[in-house]
Amino acid sequence: MTDPDLLTSDLLAAVDAAATPEALEAVRVRALGKQGEVTALLKSLGGMTPDERQVEGPRIHALREAVTVALAARKASLEQAALDARLASETLDLTLPVDLPPTGTIHPVSQVMDELAEIFADLGFAVATGPEIEDDWHNFTALNIPETHPARAMHDTFYFEPQARTAGDEARRMLLRTHTSPVQIRTMLANKPPIRIIAPGRTYRSDSDATHTPMFHQVEGLVIDRGITLGHLKWTLETFLKAYFEREDIVLRLRPSYFPFTEPSAEVDVGYTLIKGKRVIGGSGDDANGGWMEVLGSGMVHPKVIAACGLDPAEWQGFAFGCGIDRLAMLKYGMDDLRAFFDGDVRWLKHYGFSALDVPTLSGGVGA
Ligand code: PHE
């Protein structure tokens, strides 16, 4: 009869040596199959005397147990190795360059934002940002927009479901910002004056037609310093619009207006001239073939807004303006439907988009 101990070391060595699932299966059949060596030993127990069986029984069962455990362990490690090899060979390197030539373009809105940053950097303005998901306090209250102001009505503002909060916590009600003006508040709270920033970004209002989309873009401007006057505002806007439209004959008209967060407030129109039926920015709107187009809202920052940000309005004054970026892009680059801006139509982007190499600079002309 085969010695169980010898057979154990023999079979365990064979299990270890099996390099593939097929080789391992052959070892299993050789040991535990119907004609297997271990099976034969187990069968031999039947022909033994009770005394012999008492000695050999435990040895043979221990052999079967050891071989079974070794086969299972080897099977698991072969399966793991196969999986590792497969994972390694199926890896996708996402950093590899694509075979196709690049077809994307810089969206006109992005291009105009870059132009604005370039123009205002030259005037000493930094670029600031704020969250698109805002709270009531930054979007309205701190900007002196009282609870009853129509801008708060549900049809204008996208509100989030009010969250279960402690009573009196109304100021934390979340919404999609309706303008970039909350960045004024965030900037004044986080920085000491003097402050000179522009804040371009997305804004949201529940409104949709050929000239309004629920999401649109604004750029905010804010200057806070000592002794700031309406004259600084007018000069800044004139300088900005001349640089942006790249012409010297820009004529502005400031119309008295009302915004809760500025006092006095002015809406700013820019003169255009009709050339072959098209409105071209430039010239006085009062000329025979001219007209005025509203481009932005502005004013001197309301003392209540300055105070809400913890500054003393007796010491610090400033001006602010807000301007629709999509509108600015349409006026300069000649698109006539705002909705096409957000359709993602590759043909439109090919036509109106910019090359990634067209980085706007003042010396090269911001329009690239
Ligand atoms: N926030 C105003 C709007 O969205 C624009 C504005 C900004 C007016 C700053 C005055 C000063 O209409």
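Residues numbered from 1 in each chain as written. Predicted model: local features only at pLDDT ≥ 70, side-chain atom pairs only at ≥ 80, totals over all residues. Heavy atoms only, no water.

**Section: the overall build of the protein**
When helices and strands are counted, the protein shows 11 helices and 10 strands. In terms of C-alpha radius of gyration, the protein reaches 38 Å, well past the compact-globule figure of 21 Å for 368 residues. Considering only C-alpha atoms, the protein reaches an extent of 125 × 55 × 35 Å along its principal axes. Per-residue burial for the protein yields a buried fraction of 40% across its 368 residues. (Helix = DSSP H or I, 4+ residues; strand = E, 2+ residues; numbered from the N terminus. Rg over C-alpha atoms; globule rule 2.2 N^0.38 Å. Buried < 20%, exposed > 50% of the residue type's maximum accessible area, 1.4 Å probe, protein only.)

**Observations concerning the packing of helix H2 (residues 21–32) against helix H4 (residues 50–89)**
Interaxial distance between H2 and H4 falls to 10 Å at its minimum, and their mutual angle equals 170°. In terms of orientation, H2 and H4 fall into the roughly antiparallel class. Within the contact between the two elements, H2 uses Pro21, Leu24, Arg28, Ala31 and Leu32 and H4 uses Arg64, Val67, Thr68, Leu71, Arg74, Lys75 and Leu78. (Axes fitted to C-alpha atoms, helices over the stretch in contact; angles between N-to-C directions. Parallel < 35°, antiparallel > 145°, perpendicular 65-115°, else oblique. Contact = heavy atoms within 4.5 Å.)

**As for the site of the ligand**
Of all residues adjacent to the ligand, which total 14 residues, the nearest are His179, Ser181, Arg205, Gln218 and Gly322. In the environment of the ligand, a nitrogen atom lies 2.9 Å from a nitrogen or oxygen atom belonging to the side chain of Ser181. At 3.0 Å, a side-chain N or O of Arg205 approaches an oxygen atom of the ligand. Protein chains bury 89% of the 330 Å² of accessible surface belonging to the ligand in isolation. Within the residue set of the shell around the ligand, elements represented by two or more residues are strand E5 (215–225), strand E9 (290–301) and strand E10 (317–324). (Near = heavy atom within 4 Å. Polar contact = N/O pair within 3.5 Å; in protein donor to acceptor, adjacent residues only side chain to side chain. Areas by Shrake-Rupley, 256 points an atom, 1.4 Å probe, with all protein chains shown as cover.)

**A word on the packing of aromatic side chains**
Summed over all chains, the structure comprises 11 aromatic pairs. Ring centres of Phe120 and Phe321 lie 5.8 Å apart, and the angle between their planes is 25°; on these two criteria the pair is classed as stacked. Residue Phe120 is located in helix H5 (residues 108–122), and its partner Phe321 is located in strand E10; the two are separated by 201 residues in the primary sequence. As far as the burial class goes, Phe120 and Phe321 line up, both buried. (Phe/Tyr/Trp six-rings, centres within 6.5 Å; stacked < 30°, edge-to-face > 60°.)

**Re the domain arrangement of the protein**
When cut into domains, the protein gives domain 1 (4–89) and domain 2 (108–352). On a C-alpha basis, the centroid separation for the pair domain 1 and domain 2 is 79 Å. (Domains from an automatic or database assignment.)

**A word on the pairing of strand E4 (residues 195–204)**
With eight of 10 residues buried, E4 lies mostly within the body of the structure. As defined by bridge partners, strand E1 (residues 126–127) adjoins E4 across two bridges and the pair is classed as parallel. Along E4, the bridge assignment pairs Val127 with Ile198. Taken together, the 10 bridges between E4 and E5 define a ladder with antiparallel strand orientation. Its bridge partner lying in E5, Arg196 is registered against Val223. (Pairing = 2+ DSSP bridges.)

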